[in-house]
Amino acid sequence: MDALYIATSEELFAFCERAKTSHILAVDTEFLREKTYFPKLCLVQVSTGSEIAAIDPLLIDDLTPLKELLENPEIVKILHACSQDLEVLLEKMDCACAPVFDTQVAAAFLGMRQQVSYAGLVENFANVKLAKAESLTDWSKRPLDKEQLVYAEDDVRYLPAIYNQMVEKLIKLDRLSWLKPEMDQHTNIDQYRRDPYQAYLRLKRSGSLTRRQLAIAREVCAWREEIAAKRDVPRKWVLSDELIIEICRRVPTTSDRLRKIRGTEQISQGGVVHLLDAIKRGQKTPAGQCPKIEHHAHPSAGSEGVVELMYALIRIVSEKEGIASPLIANKDDLTDLLLDKDDARLKTGWRYQLVGKQLVGLLNGEVGLTVKNGRVELL
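Residues numbered from 1 in each chain as written. Predicted model: local features only at pLDDT ≥ 70, side-chain atom pairs only at ≥ 80, totals over all residues. Heavy atoms only, no water.

Under the annotation held in an unreviewed UniProt entry, the protein carries the name Ribonuclease D and is attributed to Lancefieldella parvula. We quote the UniProt Cofactor (unreviewed entry) comment for the protein here in full: "a divalent metal cation". We quote the UniProt Catalytic activity (unreviewed entry) comment for the protein here in full: "Exonucleolytic cleavage that removes extra residues from the 3'-terminus of tRNA to produce 5'-mononucleotides." (UniProt positions renumbered as here; feature names shortened; annotations may be inferred.)

Below is the structure:
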């Protein structure tokens, strides 16, 4: 397969003109974000199945042809574990990459574990063991040598053939239609757009806070996002999650009280003023507008055994049908069905057809489990 290193606008335009006639495009990215707030896109690798290109966004000012290619609705973009790549492409290129086929999600429908690695996928489908020598490469340094480029190109080299094999198997199993709602959930671009006032939802241990404390956390986290973005540094360099939780619990209203919390010495005096303002805004939030993090209902102590039985049935179906059990249902899904919630995922779609009906039968006493030859089986 031909492989190109594209470092000029002319080369990029010529490649994209050729690639837009393809119906598939494998995509991967190399980026850095350990010391920055915004990810630094260093390389974009793409493959049509007959041609591979390593595109250098650090040397090309106008990536419009690539953006148009990635947004072309007639071309299926093939990625593995797509979330970080989609986030980076949106942030750096304002690119809503679609439609997307995530091989990690598809693998779970074909009997592989739910979060199988790309190396594991390639070994399984292509019988190739990938090298790991460049896994800690600083992709921002130029020039890139031949070994680095080959390593990067390998991340898309095998995806077109794997995609074709996966689609063929999914069609044979009549599961291709099952994949779309899962892909839509994973590739919904809105979840990757940055909203400072939603940042508190990612705050560790926020479930321990009251609604009033959550209102403070929302304002403090939004302030942290603003400062981190302005300085282009990681959030934790501004204020750690642990420190935010402690601030929300103590609710300091003066500089002296804030400074008594260990870890605040790194905040400038000007930063302290703005942080105290954020705390006050959280305190003044009307009660009805204080956020509430939804928690899934837990089954009663007496129902725990029922959930375990439901798990056992899930595992039987998972093994028989060759679908990763975590993809079928998690504990919250089982609890929602047990509590007969209207929006229970196991009541609709492929999950209901695959196992939901049997679970309902189990709960109604119409389906049973037994042990035969040391294995749990359906009666």
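Q: Lay out the sheet that holds strand β5 (residues 76-79) with the relevant residues and their values.
A: Ordered by their spatial adjacency, six strands build an open sheet running β1-β4-β3-β2-β5-β6, and the pairing between neighbours is mixed. In the strand order of this sheet, the two ends are held by β1 (2-6) and β6 (100-102), each with one partner. The mean angle between the axes of side-by-side strands here comes to 25°, regardless of whether they run parallel or antiparallel. Most of the contacts of helix α1 (residues 9-19) go to β1, to which it runs at about 140°, and overall it touches β1, β3 (40-47) and β4 (51-55). The sheet strands contacting helix α3 (residues 83-93) are β2 (24-32), β3, β5 and β6, and the helix crosses β2 at an angle near 75°. (Pairing = 2+ DSSP bridges. Helix = DSSP H or I, 4+ residues; strand = E, 2+ residues; numbered from the N terminus. Axes fitted to C-alpha atoms, helices over the stretch in contact; angles between N-to-C directions. Contact = heavy atoms within 4.5 Å.)

Q: Residue-level account of the environment of D62, with values.
A: Turning to its location among the elements, D62 is positioned in the loop between β4 and α2 (64-71). Residue D62 is classed as partly exposed on the basis of its relative accessible area, which comes to 42%. Expressed as a C-alpha distance, the spacing of D62 and Y158, which sit 96 residues apart in the sequence, is 28 Å. A polar side-chain atom of D62 sits 2.5 Å from a polar atom in the side chain of T64. (Buried < 20%, exposed > 50% of the residue type's maximum accessible area, 1.4 Å probe, protein only. Polar contact = N/O pair within 3.5 Å; in protein donor to acceptor, adjacent residues only side chain to side chain.)

Q: An account of the domain arrangement of the protein is needed here, citing residue identities and associated values.
A: When the domains of the protein are assigned, the result is domain 1 (4-191), domain 2 (196-289) and domain 3 (301-378). Distance from the C-alpha centre of domain 2 to the C-alpha centre of domain 3: 42 Å. (Domains from an automatic or database assignment.)

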